[in-house]
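The primary structure of each chain is shown beneath.
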Amino acid sequence: MSFGYLRLPLVQAPTAVFCQIVGGVLSPFLSKVVLDELDKELERRGHHFVRYAEDANLYGKSERAGSRGMERVILCLAQRLKLRVNRAQSAVDRPQNRTFLGFTFTGGKNSNRRKVAPKALARCKARVRTLTRRTWGVSLQVRIQPLGIYLEGGKGYSGYWETPAVLRDLDSWIRRRLRCGQGKQGKVCKRRKTELIRRGVNEALATTTAWSAKGPWRAGHTAGVQIALNTAFFDALGLSRLESRQRI
């Protein structure tokens, strides 16, 4: 069983002043230059690790190995590079209890699979809620355009997830948000029934759906609305699907 044993937010680093003056864009480059010696030392010792800028996660076979490796790396940084590690943000812990660049690992029976961190997923849903808000009185095509751009950017990240069920659930939730917005706009029952029939729903089901007393969120999950606004319909409008991303 592997342990994620070190996260290295560095303080008092030679790049700190430059990053505050020039901006965060140069931080990964400057950190790469300064910490190149650390990377080579970790490779020489045969450690499994991942680093971005001044943050790093290292992995060992046991908690004891993690604690020992952490102290050696801290000593190496202090003696060779004159850097001090922020111990308050560093820890020896299991991988599923730590996050890195929006990722974490699964635990339990199917452990050590890459998945999105809970906070990153919450940020994604908050952004989608903003882009699919019910009070935005625009057509579905206009609503999908900025949402599609946002999801296309997220597909690069989703390709590293090894939990396809999370992607399917997220795609389903996004489509339900869009159906909910359409239901909120179609307030006239006769007009709603006509639109449902036009989209392939039989008359009996269209009548039941159009005059339903359910709110927009519950109505968006009914059979009539799902037939009218199915997955193929959203695909035709250009809505990106995270689950369709090929696994890496």
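Residues numbered from 1 in each chain as written. Predicted model: local features only at pLDDT ≥ 70, side-chain atom pairs only at ≥ 80, totals over all residues. Heavy atoms only, no water.

K.L.:
Would you mind going over the overall build of the protein with me for this structure?
P.N.:
The secondary structure content of the protein amounts to twelve helices and seven strands. For the protein, the residues scored as buried account for 36% of the 248 residues in total. Counting only contacts in the protein whose residues sit at least 6 apart along the sequence, the fraction spanning at least 24 positions is 66%. About 14,500 Å² of surface is accessible on the protein, with carbon and sulfur atoms providing 54% of the total. (Helix = DSSP H or I, 4+ residues; strand = E, 2+ residues; numbered from the N terminus. Buried < 20%, exposed > 50% of the residue type's maximum accessible area, 1.4 Å probe, protein only. Contact = heavy atoms within 4.5 Å. Areas by Shrake-Rupley, 256 points an atom, 1.4 Å probe, with all protein chains shown as cover.)

K.L.:
Explain the packing of aromatic side chains to me, please; I cannot follow it from the model alone.
P.N.:
A ring pair, where both rings are aromatic, is described by two values, the distance of the centres and the angle of the planes. According to the stated counting rule, one finds two aromatic pairs in the structure shown. When the ring of Tyr59 is compared with that of Phe105, the centres are 6.1 Å apart and the planes differ by 80 degrees; the resulting orientation is edge-to-face. With Tyr59 in strand β4 (residues 55-60) and Phe105 in strand β6 (residues 103-105), this residue pair connects regions lying 46 residues apart in the sequence. The exposure class of Phe105 is partly exposed, given its relative accessible area of 24%. Positioned above the aromatic ring of Trp173 is the side chain of Lys125, whose terminal nitrogen or guanidinium carbon lies 5.2 Å from the ring centre. Of note, Arg176 hangs over the ring of Trp217, and the distance from its end group to the ring centre comes to 4.1 Å. (Phe/Tyr/Trp six-rings, centres within 6.5 Å; stacked < 30°, edge-to-face > 60°. Lys NZ or Arg CZ within 6 Å of the ring centre and 35° of its normal.)

K.L.:
Honestly, unusual backbone geometry in this entry has me stumped. Any pointers?
P.N.:
The backbone of Leu101 shows a phi angle near 55 degrees, a positive value even though the residue is not glycine. Summarising the element assignment, Leu101 is placed in the loop between β5 (84-85) and β6.

K.L.:
Explain the side chain of Arg179 to me, please; I cannot follow it from the model alone.
P.N.:
Relative to the elements of secondary structure, Arg179 occurs in helix α7 (residues 164-185). When neighbours within four sequence positions are excluded, Arg179 is seen to be in contact with Gly220, Val225, Gln226, Leu229, Asn230, Thr231 and Phe234.

K.L.:
Would you mind going over the pattern of salt bridges with me for this structure?
P.N.:
Two side chains bearing opposite charge may form a pair once their charged atoms approach each other closely. Taken as a whole and assessed by the stated rule, the structure comprises eleven salt bridges. For Arg51, the salt bridge goes to Asp39, with nearest N and O atoms at 2.6 Å. Taken together, the positions of Arg51 in strand β3 (residues 48-52) and Asp39 in helix α3 (residues 36-44) put the pair twelve residues apart, joining distant regions of the chain. Note that Asp235 and Arg241 form a salt bridge whose closest N and O atoms lie 3.0 Å from each other. The exposure class of Asp235 is partly exposed, given its relative accessible area of 33%. Taking the relative accessible area as the measure of exposure, Arg241 reaches 33% and is therefore partly exposed. If you follow the salt bridges from partner to partner, you end up with Glu37, Glu41, Arg44, Arg45 and Arg80 in one network. (Salt bridge = Lys/Arg side-chain N within 4 Å of Asp/Glu carboxyl O.)

K.L.:
How do you make sense of the packing of helix α5 (residues 118-131) against helix α6 (residues 140-158) when you look at a structure like this?
P.N.:
A packed helix pair is summarised by two numbers, namely the angle formed by the two axes and the spacing between the axes. It is at 9 Å that the axes of α5 and α6 come closest, and there the two elements cross at 160 degrees. As judged from the angle between their axes, α5 and α6 are roughly antiparallel. The two elements α5 and α6 cross, and the hand of that crossing is right-handed. Of the residues in α6, those touching α5 at Arg123, Cys124, Arg127, Val128 and Leu131 are Arg143, Pro146, Leu147 and Tyr150. (Axes fitted to C-alpha atoms, helices over the stretch in contact; angles between N-to-C directions. Parallel < 35°, antiparallel > 145°, perpendicular 65-115°, else oblique. Left-handed = near helix turned anticlockwise from the far one by under 90°.)

K.L.:
What is the right way to look at the packing of helix α8 (residues 189-198) against helix α9 (residues 203-210) in this model?
P.N.:
Contact geometry of α8 with α9 gives a least axis separation of 9 Å together with a crossing angle of 145 degrees. Seen along the crossing, α8 lies across α9 with a hand that is right-handed. Side by side, α8 and α9 meet where Cys189, Arg192, Lys193, Leu196 and Ile197 of the first sit next to Glu203, Ala206, Thr207, Thr209 and Ala210 of the second. Residues belonging to the contact of α8 with α9 are distributed by class as follows: five nonpolar, two polar and three charged. (Nonpolar A, V, L, I, M, F, W, Y, C, P; charged D, E, K, R; others polar.)

K.L.:
I tried to follow the environment of Arg168 on my own but got confused; where do I start?
P.N.:
Topologically, Arg168 is positioned in helix α7. The sequence separation of Arg168 and Leu242 amounts to 74 residues, and the corresponding C-alpha distance is 7.6 Å.

K.L.:
How do you make sense of the side chain of Arg177 when you look at a structure like this?
P.N.:
As for its placement among the helices and strands, Arg177 is situated in helix α7. An unpaired buried charge is present at Arg177: no salt bridge exists, and Asp171, the closest side chain of opposite charge, is 13 Å distant. Ignoring sequence-local partners within four residues, the contact set of Arg177 consists of Arg129, Thr132, Arg133 and Trp217. (Lys, Arg positive; Asp, Glu negative; His and termini not counted.)

K.L.:
It is not clear to me how empty space enclosed by the protein should be interpreted in this structure. Could you clarify?
P.N.:
Any space left empty among the atoms is revealed by the rolling of a water-sized probe across them. Taken as a whole and assessed by the stated rule, the structure comprises one cavity of 30 Å³ or more. By volume, the largest cavity amounts to about 30 Å³. Along the walls of the largest cavity sit Leu151, Asp171, Ile174, Arg175, Leu239, Ser240 and Arg241, which together make up its complete lining. With three residues, the top contributor of residues to the lining of the largest cavity is α7. Looking at the lining of the largest cavity residue by residue, the class counts come to three nonpolar, one polar and three charged. (1 Å grid on protein atoms, 1.4 Å probe; cavity = no way out; pocket = protein on both sides within 12 Å on 5 of 7 lines; lining within 4 Å. Points joined across faces, edges and corners; volume = space filled by probe spheres on them.)

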